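For reference, the chains in residue letters:
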Amino acid sequence: MVGNTFPYTQQDWLEDITLAYEHNVDGFALNIGSEAWQLDRISDCFAAASKTKVPFWFFFSFDMSSLPSTTAEDIQFMCRYVRRFGKNERMFRYGHVPGLFVSTFAGEQSLFGQPTLDDAWNFVKDRLASAIHYVPSLFIDPALYSGMRSLDGAFNWNGSWPVHLNSNSTRQEIECPTLDSDDEHIRNLNGRTFMSAVSPWFFTHYGPESWNKNWIYRGDDWLFVRRWEQLVAMRDRVNIVQIISWNDYGESHYIGPIKGAQPNSQSWVDGYPHIAFLKIANYFIRTFKEGRYPPVYEDQIFAWARPHPKNAIASNDRVPKPEHWDLTDDKVWVVVFAKSAATVSMHGRSTFEVDVRAGFTKLYQALKPKDGINITMERNGVVVAKCSPLKFTFEPRPSVYNFNVFTACS
């Protein structure tokens, strides 16, 4: 989210590029909004990338919910970016497909003075003065793809969250929701490029006086890991995976460090690091690329939990509980990576022990008010990994509602 990088320097970009690359991420989708200063941050981004030899790429994802797109003249905003950076060696090109890889967030309402949506995006491609491989996230019925010549592919933005769940969903569906919307996109693309999504969480908490966004998607049941497992299983049908997101703090699905300029999300983001998600992603990105689950060479424990019971009443929050708050569970979600067979102990009001095999194992433990997180892994009587974050307490009386998660690792 370039919109969250206002104070960034070239060093900030270089740190992000290096950190992402060290965790097997290949590049950044640069979400571009309407503020004029974002052009300068993009310039800093490419300047930083020129200082490193690591193979790391960028493509533009124009945020059409923000950018002007009513008249033909509005195309000049996008042209400015493509003219300035389109020939940069760090711009992503997919495989042997000609043209710059370009995506969007939304765009189904963007007509640029043209009679139809397909005419609009053909017009955009013609005017960008560079060959474009256009793979947008359009929130339309995928059945319409077959009639759209402008599309070189599509991105299923909502594919990673169980967006269909509600209070009337069965308990079985809530605990193991189907995430099968990719199938409809793939079927209707008829061999064109498909970009799928994976995301660890979703919570946003803005009142009517700002963006008026206040809901969760259930991220319980190791959603991030289960989605990666699904993508690995269908990797022969998925061309690109986009992780949502590196730094979208407002929707709580960031996997990068908390830095830059937050969009007034400090009350639910500050103190809630998500670097554990990045470390988990490292393993599964490699798995997706290689087509096999590699051996585990380091004993590790990862855990994440919300900071207060879902039924808690906030004492000082002008914004009410988020929509779908009742769909989540008061549990700590755990994934352990073991080099070989070991015993994992989850300590609390009582201790729960489980023997795990080599590889990764998904576990959980119920949380009660004032509980903390204290998990150990032992092998042959020796503790080989421990996850006991001192900064986490399951707080029964929060001052504000926070359905974000605190993540930790050994």
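What counts, and at which threshold
- Residues numbered from 1 in each chain as written.
- Predicted model: local features only at pLDDT ≥ 70, side-chain atom pairs only at ≥ 80, totals over all residues.
- Heavy atoms only, no water.
- Pairing = 2+ DSSP bridges.
- Helix = DSSP H or I, 4+ residues; strand = E, 2+ residues; numbered from the N terminus.
- Axes fitted to C-alpha atoms, helices over the stretch in contact; angles between N-to-C directions.
- Salt bridge = Lys/Arg side-chain N within 4 Å of Asp/Glu carboxyl O.
- Buried < 20%, exposed > 50% of the residue type's maximum accessible area, 1.4 Å probe, protein only.
- Contact = heavy atoms within 4.5 Å.

As a further point, take the sheet that holds strand S15 (residues 375–379). Spatial ordering of the open sheet is given by S13-S12-S15-S16, a layout of four strands whose pairing is antiparallel. Only two strands of the sheet have a single partner each, and these edge strands are strand S13 (352–356) and strand S16 (382–387). Ignoring strand direction, the axes of neighbouring strands in this sheet form an average angle of 25°. For strand S12 (residues 342–346) and S13, the ladder comprises five bridges, and the chain directions are antiparallel. Note that in S13 the partner of Ser-345 across the bridge is Glu-353.

Applying the stated rule across the entire model yields 21 salt bridges. Note that Arg-237 and Asp-183 form a salt bridge whose closest N and O atoms lie 3.0 Å from each other. Residue Arg-237 is found in the loop between helix H7 (223–233) and strand S9 (240–243), and its partner Asp-183 is found in helix H6 (residues 181–189); the two are separated by 54 residues along the sequence. You can call Arg-237 partly exposed: its relative accessible area is 38%.

Turning to H7, a few remarks are in order. Counting buried residues along H7, eight of its eleven residues qualify, which places the element largely inside the surrounding structure. Of all the residues in H7, the buried ones are Leu-223, Phe-224, Val-225, Arg-226, Arg-227, Trp-228, Leu-231 and Val-232. Of the surrounding secondary structure, the elements contacted by the buried residues of H7 are H6, strand S6 (193–198), S9, helix H9 (275–290), strand S11 (331–338) and strand S14 (359–366).

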